[in-house]
Amino acid sequence: MDLRIFTEPQQGATYDTLLTVAKATEDLGFDAFFRSDHYLRMGSSDGLPGPTDAWITLAGLARETKRIRLGTLMTAGTFRLPGVLAIQVAQVDQMSGGRVELGLGAGWFEDEHKAYGIPFPKEKFARLEEQLEIVTGLWGTEVGQTFSHDGKHYQLTDSPALPKPAQTKVPVLIGGHGATRTPRLAAQFADEFNIPFASVEDSERQFGRVRAAAEQAGRKGGDLVYSSALVVCVGKDDAEVARRAAVIGRDVDELKANGLAGSPAEVVDKIGRYEAIGASRIYLQCLDLADLDHLEIISSQVQSQLS
């Protein structure tokens, strides 16, 4: 079971804070550092000192880390033109020595688009499909050949399809709860399917849909990595769990029901339930980025039992 650290910097974080967490992620033996791609805080947080851009952040971290994988859950398709995104991700992959993964979603948070003057199209899913075709098509075009795309939303003519990533294949993550279109898109384009903040039962149902869609598309259901993203709140005793829950404004019982919360033993047990339905990777949503002791206890008392 791979454990990955997943952050939400739109709630308020500087690059230096993210660098500190990424270095702790690496030093403590976690598999990867991922971040959201949002420009506006959610909930009651003041969001200070403001948002950071996902791919600018990852470019910096690519040069200041050595081992961990780096990526997004999920890059908003509404934020970037697909040709530009292909260039950005390929460059960051080169800067990291081939450690980047691209989570790409349709975009959903209308308020942040209004706040920063970003168009929020009504038809987002069809755009996402074209974006995936273009990004993967650009990367997959042989050097010396050109790539063209004549779609409803995007047109590319004789693109040199450069630069290329360092990796032969940058892993593409697709995720979500949709029952029909999301599994179909994952079957067509994804190396990994991620379901965020879902129960074991709902996750098992969605994994099954994706496996079926993959097989219908001519792939094996097991060709994809299946993963979950869950909020995490671990403590050595009930008091420490309650303290950490209070800092992020959540109720302990709610966290235990909907996330990974409690003692290390409780969290290991619940991770085992996700593993039993086919998840081989968990993205641990860490909401208090100042609490590096939290990462340490997860590493020493949760991750150690899983490996």
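Residues numbered from 1 in each chain as written. Predicted model: local features only at pLDDT ≥ 70, side-chain atom pairs only at ≥ 80, totals over all residues. Heavy atoms only, no water.

## Some thoughts on the environment of Ala290
Right, on to step 1. Residue position: Ala290 is located in the loop between strand 12 (281-286) and helix 11 (292-306).
Right, on to step 2. Of the residues examined, Ala290 reaches a relative accessible area of 70% and is grouped as exposed.
Right, on to step 3. Along the sequence, Ala290 and Leu18 sit 272 residues apart, while their C-alpha atoms lie 9.6 Å from each other. (Helix = DSSP H or I, 4+ residues; strand = E, 2+ residues; numbered from the N terminus. Buried < 20%, exposed > 50% of the residue type's maximum accessible area, 1.4 Å probe, protein only.)

## Here's the deal with the side chain of Thr57
Right, on to step 1. Relative to the helices and strands, Thr57 resides in helix 2 (residues 54-64).
Right, on to step 2. Within the structure, Thr57 has its side chain in polar contact with the side chain of Arg35 (distance 3.0 Å).
Right, on to step 3. Leaving out residues up to four positions away in the same chain, Thr57 has contacts with Tyr15, Leu18, Arg35 and Thr52. (Polar contact = N/O pair within 3.5 Å; in protein donor to acceptor, adjacent residues only side chain to side chain. Contact = heavy atoms within 4.5 Å.)

## Points about the packing of aromatic side chains
Right, on to step 1. For the structure on display, the rule yields six aromatic pairs.
Right, on to step 2. Through a chain of ring-to-ring contacts, three or more aromatic side chains come together here, namely Tyr39, Phe79 and Tyr116.
Right, on to step 3. In this arrangement the basic side chain of Arg211 is found over the ring face of Tyr226, its NZ or CZ atom lying 4.4 Å from the centre. (Phe/Tyr/Trp six-rings, centres within 6.5 Å; stacked < 30°, edge-to-face > 60°. Lys NZ or Arg CZ within 6 Å of the ring centre and 35° of its normal.)

## Brief notes about the pattern of salt bridges
Opposite charge on two side chains permits pairing when their charged atoms draw close.
Right, on to step 1. All chains considered together, the criterion is met by 18 salt bridges.
Right, on to step 2. Arg4 is the partner of Glu101 in a salt bridge, and the nearest nitrogen-oxygen pair spans 2.9 Å. On the criterion of sequence distance, the pair formed by Glu101 in strand 5 (residues 100-105) and Arg4 in strand 1 (residues 2-7) is long-range, its members being 97 residues apart. Assigned by exposure class, Glu101 and Arg4 land together as buried.
Right, on to step 3. Between Glu266 and Lys256 there is a salt bridge, with the nearest N and O atoms lying 3.3 Å from each other. (Salt bridge = Lys/Arg side-chain N within 4 Å of Asp/Glu carboxyl O.)

## Focus on the side chain of Gln303
Right, on to step 1. By secondary structure assignment, the location of Gln303 is in helix 11.
Right, on to step 2. The buried category is assigned to Gln303, whose relative accessible area is 13%.

## A closer look at helix 3 (residues 82-96)
Right, on to step 1. With 15 residues, helix 3 extends 21 Å between its outermost C-alpha atoms, agreeing within 8% with the 21 Å of an ideal straight helix rising 1.5 Å per residue.
Right, on to step 2. Taken as a whole, helix 3 has its buried residues at Pro82, Leu85, Ala86, Val89, Ala90, Val92, Asp93 and Ser96. End-on view of helix 3: buried residues confined to an arc of 165 degrees, all on one side of the axis.
Right, on to step 3. Along its buried surface, helix 3 packs onto helix 2, strand 3 (69-72), strand 4 (75-76), strand 5 and helix 5 (125-140).
Right, on to step 4. Remark: Gly97 follows helix 3 within two positions and exhibits a positive phi of approximately 75 degrees. (Expected span 1.5 Å × (residues − 1). Arc of directions from axis to C-beta.)

## A short note on the nonpolar core
Right, on to step 1. Membership of the largest hydrophobic core comes to 73 residues, with the highest contact counts inside it found for Trp55, Leu102, Trp139, Leu284 and Ile298.
Right, on to step 2. Top contributing element to this core by residue count: helix 5, with seven residues.
Right, on to step 3. Dropping the residues within four chain positions of it, Trp139 is found in contact with Ala86, Val89, Ala90, Leu102, Pro163, Lys164, Pro165, Val170 and Val172. (Core = buried A, V, L, I, M, F, W, Y, C linked by side-chain atoms within 4.5 Å.)

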